[in-house]
Amino acid sequence: MYEKILVPLDGSVQSQRSAEYAIELAKSMNSQVVFIHVIPVLPPYERHQSGSSESAYQHLHDDLRQSGEGIIENAKALFGKEDINASYRLLWGNPAMEICHFAKEEDISLIVMGNRGLGEIKGYLIGSISNRVVRHASCPVMIVR
Ligand SMILES: Nc1ncnc2c1ncn2[C@@H]1O[C@H](COP(=O)(O)OP(=O)(O)OP(=O)(O)O)[C@@H](O)[C@H]1O
Ligand SMILES: [Mg+2]
């Protein structure tokens, strides 16, 4: 039924759990699975700031890229041996917007994601990325708890 499943990953236990769930679904329905991580873009750096903040900005940018690449490498190591048709994408941007845009462009039939992620605030039922994707995606979204 679901030909192409999108699994957004942020390195959290919950996103890992949603990936395992999606893999089982994919096996039972012979679906393709696309694992995606979106590196959050930083607000634009203003050129007139001092040299030291430029290098701080660069460090932050490099750290974000490194951790994003790590999430995808980790996913490849964990899920690469599963008997599914898997692919991996690393994007930059606003995570919820990129997830919804990608899902539309790539004809995704189902998004499977965690209820929470790496965020510190635990008071809400679901995190802000899940919340936005549920509201804006043009395909069904499954939230795994
Ligand atoms: N940058 C991202 N790239 C891809 N998927 C993401 C990203 N951030 C979150 N997700 C997905 O969204 C799910 C929920 O995470 P979300 O960020 O909404 O919650 P949170 O981190 O607990 O809260 P918040 O980020 O609002 O503080 C994760 O389990 C993961 O599936
Ligand atoms: Mg988060």
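Rules behind the numbers
- Residues numbered from 1 in each chain as written.
- Chains lettered and ligands numbered in written order.
- Predicted model: local features only at pLDDT ≥ 70, side-chain atom pairs only at ≥ 80, totals over all residues.
- Heavy atoms only, no water.
- Near = heavy atom within 4 Å.
- Polar contact = N/O pair within 3.5 Å; in protein donor to acceptor, adjacent residues only side chain to side chain.
- Areas by Shrake-Rupley, 256 points an atom, 1.4 Å probe, with all protein chains shown as cover.
- Helix = DSSP H or I, 4+ residues; strand = E, 2+ residues; numbered from the N terminus.
- Nonpolar A, V, L, I, M, F, W, Y, C, P; charged D, E, K, R; others polar.
- Buried < 20%, exposed > 50% of the residue type's maximum accessible area, 1.4 Å probe, protein only.
- Right-handed = clockwise from strand over helix to strand, strands pointing away.
- Pairing = 2+ DSSP bridges.
- Arc of directions from axis to C-beta.
- Contact = heavy atoms within 4.5 Å.
- Core = buried A, V, L, I, M, F, W, Y, C linked by side-chain atoms within 4.5 Å.

A. Representation of the site of ligand 1 within the structure. Around ligand 1 lies a shell of 20 residues, among which Pro8, Val38, Arg116, Gly119 and Ser128 are the nearest. At 3.3 Å from an oxygen atom of ligand 1 is found a main-chain nitrogen or oxygen belonging to Gly114. Here an oxygen atom of ligand 1 and a side-chain polar atom of Ser128 are 2.5 Å apart. Relative to its free-state accessible area of 620 Å², ligand 1 is covered by the protein chains to the extent of 88%. Put simply, the parts of the chain that give the shell around ligand 1 at least two residues each are strand E2 (32–40), helix H3 (95–105), strand E4 (110–114) and helix H4 (128–136). Here the residues of the shell around ligand 1 sort into 9 nonpolar, 9 polar and 2 charged.

B. Just the pairing of strand E1 (residues 4–8), in detail. In terms of burial, E1 is largely enclosed, as 5 of its 5 residues are buried. With burial as the criterion, each face of E1 is covered, one bearing Lys4, Leu6 and Pro8 and the other bearing Ile5 and Val7. Assessed by its sense of winding, the connection that carries the chain from E1 through helix H1 (residues 13–29) to E2 is right-handed. Relative to E4, E1 runs parallel, the two sharing 2 bridges. Residue pairing across strands places Leu6 opposite Ile111, the latter belonging to E4.

C. View of H3. The complete set of buried residues in H3 reads Ala96, Ile99, Cys100, Phe102 and Ala103. Buried residues along H3 cover an arc of 165° about the axis, so they all sit on one side. Away from its buried face by more than 90 degrees, H3 exposes Met97, Lys104 and Glu105. Packing partners of the buried residues in H3 comprise E1, E2, strand E3 (85–93), E4 and H4. For H3, the N-terminal capping position is held by Asn94, with its side-chain oxygen 3.2 Å away from the main-chain nitrogen of Ala96. Where H3 ends, the next residue or the one after it, Asp107, has phi of about 55°, a positive value.

D. Geometry of the nonpolar core. Counting 19 residues, the largest nonpolar core has Ile5, Val7, Leu9, Phe35, Phe79 and Val112 as its most contacted members. Contributing elements (two or more residues each) for this core: E1, H1, E2, helix H2 (51–79) and E4. No other element matches the 5 residues that H1 contributes to this core. Ignoring any residue separated from it by four or fewer positions in sequence, one finds Phe35 in contact with Val7, Leu9, Ala19, Ile23, Ile72, Phe79, Ile84, Ala86, Ser87, Tyr88 and Arg89. Within the second largest apolar cluster, 16 residues are counted, among which are Leu6, Val34, Ile108 and Cys139.

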